[in-house]
Amino acid sequence: MSTVVFTAPATAEDAERMRRAFAAASRGLQVSPSGPEVWGWQGRTLGRRVGASWLRVVSAPSGKAGGRLWEGTALADAAMPRAVPRPRLRELLDWTRGPYAYRAELTEFVTTPAVVAGSPVLDRDPGLPDAWWRDLRAATAAIATVPTHREAVRQSWIDRNLRTFLGIAPMRIGDCTTGHADLHWANLSAPALVVFDWEGWGRMPVGYDPGLLHAYSLTVPAVAARVRREFADVLGAPAGRAGELVALGQLLQACSRGVHPHLAPLIARHAESLTGTPVPRH
């Protein structure tokens, strides 16, 4: 699911547990925190700068550790070509304490900031230069060349949910590619492009990544238009349109759960413009 809510855990107990895990990872990897806390999706991850590196600790119930999101960063580091600008992985550390499992990922620290800090939704026109857009196109093209069995978007999700959230019959996805699967403005840096957060990468419908980035840009029409121009060859083709609709459906599902409420009407309006079908209200 390509949604992000950057918040601390729901309870003070969980927040303190994650801080203890972070301290344990720091000791195990022999690094010292030197920057503010950065919480990830619903407090599942906690990251901080540690000298010239970045340390992120991921947590899951011990019976649910492993799998696609758990392994994504390490597998991306091994599989992605150097042409894809990203923080390189330096060390991993896994352990279990009580009912929780933890993975610590030590990566290089990138000084170039994200386009938007703390939210995937664009809040202003960042004035990105033409070279940045060329680099983004080149990065997505390089990602597409990587063979993998990882599924970022499953046909089963499409079959179950597309009618519910878009009001259209599910389509069978035939044209797939390898993509990032969470391409939004908190995962892209500027003015130099770096692509962050490789948890969920894998196979997906063509058009999913640019469709997702476009949706997160709808709050700034000029940038949304630039995304469509840059990826016109993808989004303008039938296969790309199908992938974009899947991305919109997933975002509308997230919005129905209270995520990005200000974005929901913009996504719904755009989806309706693509399908000619009213979006069900939730």
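Residues numbered from 1 in each chain as written. Predicted model: local features only at pLDDT ≥ 70, side-chain atom pairs only at ≥ 80, totals over all residues. Heavy atoms only, no water.

### Examining the side chain of Thr140
Put simply, the rule reads: Put simply, DSSP H or I for four residues or longer makes a helix, DSSP E for two residues or longer makes a strand, and each gets a number counted from the N terminus. N or O atoms closer than or at 3.5 Å make up a polar contact, with two conditions inside protein: a donor-capable atom paired with an acceptor-capable one, and, for residues adjacent in sequence, both atoms drawn from side chains. Contact definition: two residues touch when any of their heavy atoms are within 4.5 Å.
The topology assignment puts Thr140 in helix 3 (residues 130-144). For Thr140, the side chain forms a polar contact with the main-chain oxygen of Arg137, separated by 2.9 Å. If we skip the residues at most four places from it in the chain, Thr140 touches Leu183 and Phe231.

### Comments concerning the nonpolar core
What counts is decided by this rule: What makes a nonpolar core is a set of buried Ala, Val, Leu, Ile, Met, Phe, Trp, Tyr and Cys residues whose side-chain atoms join them at distances within 4.5 Å. Only protein chains enter the accessibility calculation, which uses a 1.4 Å probe; a residue is then buried when its area is under 20% of its type maximum, exposed when over 50%, and partly exposed in between.
Within the largest apolar cluster, 60 residues are counted, with the highest numbers of intra-cluster contacts made by Trp132, Trp185 and Leu188. Elements that contribute at least two residues to this core include exactly helix 3, helix 4 (155-166), helix 5 (208-215), helix 6 (221-230), helix 8 (238-256) and helix 9 (264-275). Once residues lying within four places of it in the same chain are set aside, the contact partners of Leu188 are Pro113, Ala114, Val115, Trp132, Leu136, Leu183, Leu193, Val194, Val195, Phe196 and Leu213. Within the second largest apolar cluster, 15 residues are counted, among which are Val31, Trp39, Val57 and Leu106.

### Here's the deal with the pattern of salt bridges
Applicable threshold: What counts as a salt bridge is simple: a side-chain nitrogen of Lys or Arg found within 4 Å of a carboxyl oxygen of Asp or Glu.
Using the criterion set out here, one finds 15 salt bridges in the structure. Salt-bridge contacts for Arg226 lead to Glu230; the nearest nitrogen and oxygen are separated by 2.7 Å. With Arg226 and Glu230 both in helix 6 and 4 residues apart, the pair spans about one turn of that helix. Overlapping salt bridges bring together Arg44, Arg56, Glu105, Asp197 and Glu199 as one network.

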